[in-house]
Amino acid sequence: KAWGLLVLLVVLLLGLTRFAVLFNAQTGEFTSALAARDEPRFWEAIEVCLGLVVVAVPMYALYYYVRDTLGLHWRRWLTNRFLASYFSDRSFYELNALAAIDNPDQRIAEDINTFTQRSLFFLLIFIGSILQLVAFSTVLWSISRVLVYFLVVYTVAGTLITVLVFGRVMIRINFQQLRREADFRFSLVRVRENAESIAFYRGEAQELKQIRRRFTMAFNNYKRLIRNQFGLNLFQQAFSLLTVVIPSAIIAESVLSGELEVGRAVQAAGAFAAVLSAISVVIENFESLSRFAAGVERLDTLAGVLS
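Thresholds applied
- Residues numbered from 1 in each chain as written.
- Predicted model: local features only at pLDDT ≥ 70, side-chain atom pairs only at ≥ 80, totals over all residues.
- Heavy atoms only, no water.
- Helix = DSSP H or I, 4+ residues; strand = E, 2+ residues; numbered from the N terminus.
- Expected span 1.5 Å × (residues − 1).
- Buried < 20%, exposed > 50% of the residue type's maximum accessible area, 1.4 Å probe, protein only.
- Phe/Tyr/Trp six-rings, centres within 6.5 Å; stacked < 30°, edge-to-face > 60°.
- pLDDT = per-residue confidence, 0-100.
- Contact = heavy atoms within 4.5 Å.
- Axes fitted to C-alpha atoms, helices over the stretch in contact; angles between N-to-C directions.
- Left-handed = near helix turned anticlockwise from the far one by under 90°.
- Polar contact = N/O pair within 3.5 Å; in protein donor to acceptor, adjacent residues only side chain to side chain.
- Patch = residues over 30% accessible without salt bridge, like charges linked within 9 Å, V, L, I, M, F, W, Y side chains within 5 Å.
- Areas by Shrake-Rupley, 256 points an atom, 1.4 Å probe, with all protein chains shown as cover.
- Salt bridge = Lys/Arg side-chain N within 4 Å of Asp/Glu carboxyl O.
- Lys, Arg positive; Asp, Glu negative; His and termini not counted.
- Charge placed at Lys NZ, Arg CZ, Asp CG, Glu CD.
- 1 Å grid on protein atoms, 1.4 Å probe; cavity = no way out; pocket = protein on both sides within 12 Å on 5 of 7 lines; lining within 4 Å.
- Points joined across faces, edges and corners; volume = space filled by probe spheres on them.
- Nonpolar A, V, L, I, M, F, W, Y, C, P; charged D, E, K, R; others polar.

Chemist: When you look at helix 10 (residues 286-306) in this model, what are you seeing that I'm missing?
Modeler: Two residues of an α-helix separated by three or four positions point the same way, owing to the 3.6 residues in each turn. End to end, helix 10 covers 30 Å across 21 residues, agreeing with the expected 30 Å (1.5 Å per residue, within 8%). Within helix 10, burial applies to Phe286, Ser288, Leu289, Ser290, Phe292, Ala294, Gly295, Arg298, Leu299, Leu302 and Leu306.

Quick look at the structure:
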């Protein structure tokens, strides 16, 4: 059943990619019709666009429904496997003596959920990016080869800067943040479970001190994360906004000379944005990828100890 749902997702991605290509072509078509003041051509393109929308909207809704359903069932399967290992051979007791495995409860309850949902999310993003790259590259190549050459160089440079400058630091800080947040939450749970003993021995001050210390560690680590995220956001926004201006500048001469229709220029801009999004998937999703990588590392450590 799971493999069937995954195949269905890929088929839906193929359909949505085809829709994106056709819709981009029709956008250029009715723009050219407006520029040429060709009314029949304009309304024909609008009718085709509306027909495409009617077909695509249910496909989008079904795509997200199938994706989330598959993620939910995957979480149940993986959670049951971890729980079986956790309660076999007194592993739950022996883990208390391992300093490397902090908060196994959080890893099972939250990290598995994050892992299954984000794994599907990134898998489908990468598959969709490949399909989008193949589909729109041919469109862009037919309009402007210079745009294609520029796109490759620009994206490769951007990806290398993102990974080499921000990569390891962001993953390490996100890993520490998951640990700090879990420690803080566990200290609160501990107070609730031992409320009677703490009240009897008047240990409120000591417990409050411990909780505040753990919260301060989570707070300070998150400040580091925000500072590093600021630099990444600066780069991402500059990288993204420049792509709005540069393609127009590259093909402006062809449009102004009459060699290229205005609609074709609009189509080229849409294809450029689609190919750029497909190639720069690491840059656009790096913050989420770094958090995901940190969660995977925590799950992998736990799985290695339980196996």
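From this point, things continue past the structure.
Chemist: What exactly am I supposed to notice about unusual backbone geometry here?
Modeler: Excluding glycine, residues mostly carry a negative phi; peptide bonds, for their part, are mostly trans. Residue Arg202 is not a glycine yet carries a positive backbone phi of 55°. Take Arg202: it is sitting in the loop between helix 6 (195-200) and helix 7 (204-256).

Chemist: Quick question: what am I supposed to make of the packing of aromatic side chains here?
Modeler: In this description, an aromatic ring pair is defined by two values, namely the gap between the centres and the angle between the planes. Taken as a whole and judged by the stated rule, the model has 14 aromatic pairs. With a centroid separation of 5.3 Å and an interplanar angle of 80°, the aromatic rings of Tyr86 and Phe87 are classed as edge-to-face. An angle of 25° between the planes, with centres 5.2 Å apart, marks the rings of Phe150 and Tyr154 as stacked. On the criterion of helical spacing, the pair formed by Phe150 and Tyr154 is a turn pair, its members being four residues apart in helix 5 (residues 145-193). Aromatic rings pair up to connect Trp74, Phe115, Phe121, Phe122 and Phe292 into one cluster.

Chemist: Would you take a moment to explain the confidence of the model for the protein chain for this structure?
Modeler: When pLDDT is low, close inspection of the predicted coordinates is not appropriate. When pLDDT is averaged across the protein chain, the result is 82; 98% of the residues are at 70 or more. Of all the helices and strands in the protein chain, helix 9 (residues 281-284) carries the lowest mean pLDDT, 71, while helix 2 (residues 39-86) carries the highest, 89.

Chemist: Is there a simple way to explain the environment of Phe286 in this structure?
Modeler: By the element assignment, Phe286 lies in helix 10. Residue Phe286 is classed as buried on the basis of its relative accessible area, which comes to 7%. A C-alpha to C-alpha distance of 39 Å links Phe286 and Asp89, two positions 197 residues apart in sequence. Apart from residues lying up to four places away in sequence, Phe286 is in contact with Thr162, Val163, Phe166, Gly167, Met170, Leu232 and Gln236.

Chemist: Is there a simple way to explain the packing of helix 2 against helix 4 (residues 104-143) in this structure?
Modeler: Any two packed helices are characterised by how steeply their axes cross, that is the angle between the axes, and by the distance between the axes. In the contact formed by helix 2 and helix 4, the axes pass within 9 Å of each other and the chain directions differ by 145°. For helix 2 against helix 4, the interelement crossing comes out right-handed.

Chemist: Help me understand the side chain of Asn174 in this model?
Modeler: Position of Asn174 among the secondary structure elements: in helix 5. At a separation of 2.8 Å, a polar atom in the side chain of Asn174 contacts the main-chain carbonyl oxygen of Met170. Not counting chain neighbours up to four residues away, the residues in contact with Asn174 comprise Leu225, Ser290, Arg291 and Ala294.

Chemist: Where do I start with a nonpolar patch on the surface in this structure?
Modeler: On the surface, a cluster of nonpolar side chains totalling about 620 Å² of accessible area is made up of Val152, Val156, Leu160, Ile161, Val163, Leu164 and Val165. Considering the arrangement of structural elements, one finds Val156 in helix 5. Given a relative accessible area of 44%, Val156 falls into the partly exposed group.

Chemist: What is the right way to read the side chain of Thr116 from this model?
Modeler: The residue Thr116 is located in helix 4 in this model. Aside from chain neighbours lying at most four places away, what touches Thr116 is Gly71, Trp74, Arg75 and Leu78.

Chemist: Quick question: what am I supposed to make of a positive patch on the surface here?
Modeler: Positive charge collects at one region of the surface, where Arg172, Lys223, Arg224 and Arg227 lie side by side. Counting residues per element, the positive patch draws most heavily on helix 7, at three residues. Residue classification places Arg172 among the partly exposed residues on the basis of a relative accessible area of 45%.

Chemist: So what exactly am I meant to see when it comes to the layout of surface pockets here?
Modeler: Unoccupied space between atoms shows up once a probe the size of one water molecule is rolled over them. The computed volume of the largest pocket comes to approximately 490 Å³. Around the largest pocket, the lining comprises 19 residues; the ones closest to its centre are Asp102, Asn103, Asp183, Phe186 and Arg214. Of all the secondary-structure elements, those providing two or more residues to the lining of the largest pocket are helix 4, helix 5 and helix 7. A class-by-class count of the residues in the lining of the largest pocket yields eight nonpolar, two polar and nine charged.

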